[in-house]
Amino acid sequence: MRMSLTRLAVWGFAVVLVFAGKAAFADEWPEQSVLHGYLEEGARANPGLQAAFARFDAALDKVPQARAWPDPRLSFGVFTVPVETRTGPQRMRYGVSQMLPWFGKRDLKATVAEREAAALLAQAQSAKLTLFREIGAAYFEYAYLGKALYSAREELEILKYFEALVETRYAVSSASYADFTRVQVERAKVEERVASLNDYRLPLSERLRTLLGRPAGEILPMPGSVPLMDTNWDDGRITSAITEHNLALATLDAKAEAADAAADLARREFFPDLTVGLESIYTDAPRMAGVVNEGKDPVAITFGINLPFDQEAREAAVRQAKNSARATRLERADKVAGLEAQASRLLFGVRDGSRRLELLSGTIVPKARQNLDASMDAYQAGKASMLDLLTAEKTLIELELQYHRVLTDQAVRLADLDVLAGEEIPRTFSRTPALAGEEQARDLRVPLTQPEASK
């Protein structure tokens, strides 16, 4: 049993790494190899995961203890006053005995220990998937921070250019002082956001570093991007995997089986255990010569049983085990309902995220870019204010960030589904397509000319 459970643990860990390794060569997202390396590193070094598997190993060591025979019992006694017999005075007695448990008790004790170890194995596997989820979520949040920081810096460059433009126009009375101060206020706000995002890098790096089990003091490199993910499994297959392979359910199943075995063991406590032994008495030579069997030590084969008088206590033990099994199965039924509801919410989030990504990249962001272009043309023609231009520019940047936020949330939802399904759901990773207007800081420097050139 120990070998089979250990092999199961190693097999489950290998499946995840093999899948991640295949994905690294099968997709078009280059950072996949980095994330795969983080997952493998966390599996090896995370102390919480190591503790979970150590608890499983400790439980597995209970199996041979439960199946072991009771220790033989050696007895020894000295008579305070030698017992005078015809064959000689008896001075001491000694013997050895072995208790033989009722049929099946040892196997049932081992079964209880095995099922308890199986429950801890499922918990350790769940801890592994949860760790992978946390590493993935931390990685994608770190990547989103990079996008947010890049976007804020780009916006700052745009505002610097706007400020110079308004200042030039204000000098020739083509712009109001309100436009000038408005741009300065927006610039100060973005500078503060850039500083805040830069400062936020350390706690995100620390979160990921801690999950990987690395020593303190290291700042991890910022990931390049959040991938676009897709899975070939439909909602029905994912829901089926959750109800059939969820590791929390597997833990409860193992606990229920352990309680069933404990109930069978409690029923066998109504039957007595047999004790067999061998006993002898040390006898001195008799005081009179010529006695038959003089000085010989008598030997006796002994048999004994315990008397299970306390039936009430044994009946309570049976009820306890049966109620424990019933409670565990009721808990499982409640857990299934909760998992189905949680899966439904996550699957809705995945579908909704896919729709939003398509809408943002295909319609909303391009329209926002067109609106910015139109606002720039109108501003140069004197038909729009700086407020209109700032609003269009800010809207475009916020929509682009929203796109990357949805990507990040989508990745985290899929990782949550992995934990629920008890396995990594196969999916493809691809590089995020470029959005219209992502290089807005560079592009804006071309159409926004000096006022003299626009006259």
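Residues numbered from 1 in each chain as written. Predicted model: local features only at pLDDT ≥ 70, side-chain atom pairs only at ≥ 80, totals over all residues. Heavy atoms only, no water.

S.K.: What exactly am I supposed to notice about the overall build of the chain here?
M.R.: Along the backbone of the chain there are twelve helices and six strands. In the chain, which comprises 455 residues, the share counted as buried stands at 41%. Taking contacts inside the chain between residues at least 6 apart in sequence as the whole, the part at least 24 apart equals 82%. Of the accessible surface of the chain, which amounts to about 24,000 Å², a share of 57% is contributed by carbon and sulfur atoms. (Helix = DSSP H or I, 4+ residues; strand = E, 2+ residues; numbered from the N terminus. Buried < 20%, exposed > 50% of the residue type's maximum accessible area, 1.4 Å probe, protein only. Contact = heavy atoms within 4.5 Å. Areas by Shrake-Rupley, 256 points an atom, 1.4 Å probe, with all protein chains shown as cover.)

S.K.: What am I meant to see in the packing of helix α5 (residues 105–171) against helix α10 (residues 386–421) here?
M.R.: Two quantities define a packed helix pair, namely the angle between the helix axes and the distance between the axes. Between α5 and α10, whose axes approach to 9 Å, the crossing angle comes to 175 degrees. In terms of their interaxial angle, α5 and α10 are classed as roughly antiparallel. Counted by class, the contact of α5 with α10 contains 18 nonpolar, four polar and nine charged residues. (Axes fitted to C-alpha atoms, helices over the stretch in contact; angles between N-to-C directions. Parallel < 35°, antiparallel > 145°, perpendicular 65-115°, else oblique. Nonpolar A, V, L, I, M, F, W, Y, C, P; charged D, E, K, R; others polar.)

S.K.: What is the right way to read the layout of surface pockets from this model?
M.R.: By rolling a water-sized probe across the atoms, one finds the places where empty space is left. Taken as a whole, the second largest pocket encloses approximately 260 Å³ of empty space. What lines the second largest pocket is a set of 20 residues, among which M229, D230, V350, S354 and Q410 lie closest to the centre. Secondary structure elements with two or more residues in the lining of the second largest pocket: β3 (228–231), α7 (235–245), α9 (311–380) and α10. Counting residues per element, the lining of the second largest pocket draws most heavily on α9, which supplies seven residues. Along the lines of polarity and charge, the residues of the lining of the second largest pocket split into eleven nonpolar, four polar and five charged. (1 Å grid on protein atoms, 1.4 Å probe; cavity = no way out; pocket = protein on both sides within 12 Å on 5 of 7 lines; lining within 4 Å. Points joined across faces, edges and corners; volume = space filled by probe spheres on them.)

S.K.: In this structure, what is going on with the packing of aromatic side chains? I would like to understand it.
M.R.: Where two aromatic rings form a pair, the distance of their centres and the angle of their planes describe that pair. A complete count under the given rule lists four aromatic pairs for this structure. Note on W102 and F271: the rings are 5.0 Å apart at their centroids and 10 degrees apart in plane angle, and the pair reads as stacked. In this pair, W102 sits in the loop between β2 (90–100) and α5 while F271 sits in the loop between α8 (247–268) and β4 (274–283), placing the two residues 169 residues apart along the sequence. By relative accessible area, W102 is classed as partly exposed at 30%. A centroid spacing of 5.7 Å and a plane angle of 80 degrees characterise the contact between Y139 and F140, whose relative ring orientation is edge-to-face. By the ring-pair criterion, three or more aromatic residues cluster together here, those being Y38, Y139 and F140. Sitting over the face of the ring of W69, R106 holds its NZ or CZ atom 4.1 Å from the ring centroid. The aromatic ring of Y144 is capped on one face by R405, whose charged end is 4.5 Å from the ring centroid. (Phe/Tyr/Trp six-rings, centres within 6.5 Å; stacked < 30°, edge-to-face > 60°. Lys NZ or Arg CZ within 6 Å of the ring centre and 35° of its normal.)

S.K.: I keep staring at the sheet that holds β4 and nothing clicks. Help me out?
M.R.: Through backbone hydrogen bonds, the strands of a sheet pair up, either in parallel or in antiparallel fashion. Reading across from one edge, β1-β2-β4-β5 is the order of the four strands in this open sheet, with antiparallel pairing throughout. What marks the edges here is a single partner per strand, and that holds for β1 (73–83) and β5 (299–305). Between one strand and the next, the sheet's axes are offset by a mean angle of 20 degrees, whatever the strand orientation. Pairing of β4 with β5 involves seven bridges; the strand directions are antiparallel. Note that in β5 the partner of L274 across the bridge is I305. (Pairing = 2+ DSSP bridges.)

S.K.: Which parts of the structure should I look at to understand the nonpolar core?
M.R.: In a soluble, globular protein the nonpolar side chains are often hidden away together inside. Counting residues in each nonpolar core, the largest one holds 73 residues, and the members touching the most others are I135, F140, F162, L208, I242, M386 and L417. Counting only elements with at least two residues in this core, the list comes to α2 (32–45), α5, α6 (177–212), α7, α9 and α10. Examining the composition of this core, we find that 19 residues originate from one element, α5, more than from any other. Setting aside chain neighbours within four positions, we find L417 in contact with I238, I242, L346, L347, V350 and I425. Counting residues in hydrophobic clusters, the runner-up holds five residues, among them F56, A59, A117 and L121. (Core = buried A, V, L, I, M, F, W, Y, C linked by side-chain atoms within 4.5 Å.)

S.K.: Explain the packing of α5 against α6 here, please?
M.R.: One can describe the packing of α5 onto α6 by two numbers: an axis separation of 8 Å at closest approach and a directional angle of 160 degrees. Judged on the interaxial angle alone, α6 and α5 are roughly antiparallel. In this structure, α5 crosses over α6, and the sense of that crossing is left-handed. Of the residues belonging to the contact of α5 with α6, the class tally is 26 nonpolar, three polar and 14 charged. (Left-handed = near helix turned anticlockwise from the far one by under 90°.)

S.K.: Can you help me understand the pattern of salt bridges in this one?
M.R.: Between side chains of opposite charge, a pair can form as their charged atoms come close. Under the definition given, this model contains 27 salt bridges. A salt bridge links R187 to E163, with the nearest nitrogen and oxygen atoms 2.6 Å apart. Within this pair, whereas R187 is found in helix α6, its partner E163 is found in helix α5, the two being separated by 24 residues in sequence. With relative accessibility at 24%, the residue R187 sits in the partly exposed group. Beyond isolated ion pairs, a larger network of salt bridges with shared partners links R133, E134, R207 and D416. (Salt bridge = Lys/Arg side-chain N within 4 Å of Asp/Glu carboxyl O.)

Distances and angles like these do not, on their own, reveal function.
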